[in-house]
Amino acid sequence: MANNITPVILCGGSGTRLWPLSRRSYPKQFVPIVGDGSLFQQSAKRCHGNGYNAPVVVTNSDFRFIVTQQLASEGIDPGAILIEPDARNTAPALLAAAFVVAQSDPEGLILAAPSDHYIEQPEVFRQTVARGTEAAAQGRIVTFGIAPDRPETGYGYLELGEMAEGAAVHPLTRFVEKPNEVRATEMLTAGNFMWNSGIFLYSAKTLIAAFETYQPELLSNVRKAVEEAQADLGFLRLAPEPWGESEDISIDYAIMEKVDNLSVVIHDGDWSDLGGWEAVRQHGNADENGLATSGPVTAVECSNTLLRSESDAQQLVGLGLDNIVAIAMPDAVLVADRSRVPDVGKVVKTLRAENVVQADTFPKDHRPWGFFETLTLGERFQVKRIVVNPGAALSLQSHVHRAEHWIVVSGTARVTIDDDVKLVTENQSVFIPLGAVHRMENPGKVPMELIEVQTGSYLGEDDIIRYEDVYSRGQGAKG
């Protein structure tokens, strides 16, 4: 049996049901929602240390530096970070990760987990995983069921068969799609139905063999995508052509509902996929009146309500509210009846159809060198706050449509403008003419902060020509 388990963490989703806190540019897995750190960091920490190898992470190009930064802040070095050319759902992603693990250890056990689940007791979860390792090492695919405490209609279920006395795992009879309330109540009463956590344990060769049997075309495409992958700054970029020919399909539909070697281990601890704001309220330390609050919030005579403000400069006040969810961001506010929060994803679709920028992006944009946020935007001007991490540097670049003024408010910037390189310190400013080739660096040991004033006929992030970039981003808004 393999000595250690390799966690495979999937973190390419957009999490629209937690809008406006979660958006395509910075989705829920990277945001502190409940517990200590982001959901992605929590996922990595509970599968780290004794008994576990370095994690394999599958993500997309836009999130690759967020992944490395958040892992580094927790002292975790990844084993591999696979970059999907485009999202193809969980089956291709998990198969690609299995090929990577199999290169060094075909017998190696893999714990496949989403990055956006909340598990309050990580040690209990590790004990749950340990109960499934023997079965997984013997060629079983082990999934983890959650004992239901209510007739939940938002989860799929696992129907369990009879377990032999003293056995650590249950046989799985079948998967059950998300039920209506009547059926959910019946399954809760029956006692042999568990919520489907979507977390799996298997050996690399077991999963690959399952794809050989049930998805040979998908297996061929993903194998080519891994074999032809290109290394890039410590990331592994899967080959786009064979990846693009891979079917967009979940691991449940592709494999799990077809195989006959699936077993279930019941997780006795707390678990939630935090699929919507109601789940956040339930895990948000609600008081005896069902009120949960977060951030600068004042609640007067409110019950069964979630109030959350994400800006220290914005006070959210609730008066006489019942069964309401109110989420205040600096640029968008959601107010909804609790019964309608499952439909928040529909709201995002509506906003996208109306080209509302808040549907997918924040004023604060994370980059590998730090972040910027838009303070104000007019027809021919934009004002940004820019924070550059110690030792980090923006690309050597120019703009076709805008000039820029930089005012350093904290730290020191090394500024390149064409052939001139100079240090700009606190309370000093510099002007970058339209078309000038320029770069901003932080040579110091503390974050450097400045205010940027842009003026010009077009202020979009794609007005950029890169000449050099330590992050190899290529051209385009983010590269």
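These numbers were taken from a predicted model, which means no experiment stands behind them.

1. Focus on the domain arrangement of the protein chain
Here comes step 1: Segmentation of the protein chain into domains returns domain 1 (5-266), domain 2 (284-354) and domain 3 (364-468).
Here comes step 2: Of note, the centres of domain 1 and domain 3, computed from C-alpha atoms alone, are 39 Å apart.
Here comes step 3: The interface is formed by four residues belonging to domain 1 together with four residues belonging to domain 3.
Here comes step 4: Here domain 1 and domain 3 share an interface that buries about 310 Å² over both sides, 63% of which is from carbon and sulfur atoms.
Here comes step 5: Taken as a group, Y26, F65 and Q69 account for 86% of the area that domain 1 buries against domain 3, more than any other trio of residues on that side.
Here comes step 6: In this assembly, domain 1 and domain 3 are joined by zero salt bridges.
Here comes step 7: Our enumeration of links across domain 1 and domain 3 arrives at one residue pair in polar contact (both at pLDDT 80 or more).
Here comes step 8: Across the side of domain 1 that touches domain 3, the residue classes break down as three nonpolar, one polar and no charged.

2. Here we look at the sheet that holds strand β14 (residues 306-309)
Here comes step 1: One open sheet holds the four strands; their spatial order is β12-β14-β16-β17, and the pairing between them is mixed. In the strand order of this sheet, the two ends are held by β12 (292-294) and β17 (333-337), each with one partner. If you compare each strand with its neighbour and ignore which way they point, the axes differ by 0 degrees on average.

3. Structural notes on a negative patch on the surface
Here comes step 1: Where like charges cluster on the molecular surface, the negative patch consists of E217, E227, E228, E241, E245, E247 and D248.
Here comes step 2: With respect to the helices and strands, the residue E247 is situated in the loop between α8 (240-244) and α9 (251-256).

4. Structural notes on the pairing of strand β19 (residues 370-377)
Here comes step 1: Here strand β18 (residues 364-367) pairs with β19 via four bridges, running antiparallel. Bridge pairing in β19 links H366 to F371.
Here comes step 2: Counting the residues that bridge the hairpin from β18 to β19 gives two residues.
Here comes step 3: Inspection of the sheet shows β19 paired to strand β20 (residues 381-388) by seven bridges, in the antiparallel sense. Looking at β20, one finds that G370 is bridged to V388.
Here comes step 4: In this structure, the hairpin formed by β19 and β20 is closed by a connection of three residues.

Cut-offs applied
- Residues numbered from 1 in each chain as written.
- Predicted model: local features only at pLDDT ≥ 70, side-chain atom pairs only at ≥ 80, totals over all residues.
- Heavy atoms only, no water.
- Domains from an automatic or database assignment.
- Contact = heavy atoms within 4.5 Å.
- Buried area = accessible area lost by both parts, 1.4 Å probe.
- Salt bridge = Lys/Arg side-chain N within 4 Å of Asp/Glu carboxyl O.
- Polar contact = N/O pair within 3.5 Å; in protein donor to acceptor, adjacent residues only side chain to side chain.
- Nonpolar A, V, L, I, M, F, W, Y, C, P; charged D, E, K, R; others polar.
- Pairing = 2+ DSSP bridges.
- Helix = DSSP H or I, 4+ residues; strand = E, 2+ residues; numbered from the N terminus.
- Axes fitted to C-alpha atoms, helices over the stretch in contact; angles between N-to-C directions.
- Patch = residues over 30% accessible without salt bridge, like charges linked within 9 Å, V, L, I, M, F, W, Y side chains within 5 Å.
- Areas by Shrake-Rupley, 256 points an atom, 1.4 Å probe, with all protein chains shown as cover.
- Lys, Arg positive; Asp, Glu negative; His and termini not counted.
- Charge placed at Lys NZ, Arg CZ, Asp CG, Glu CD.

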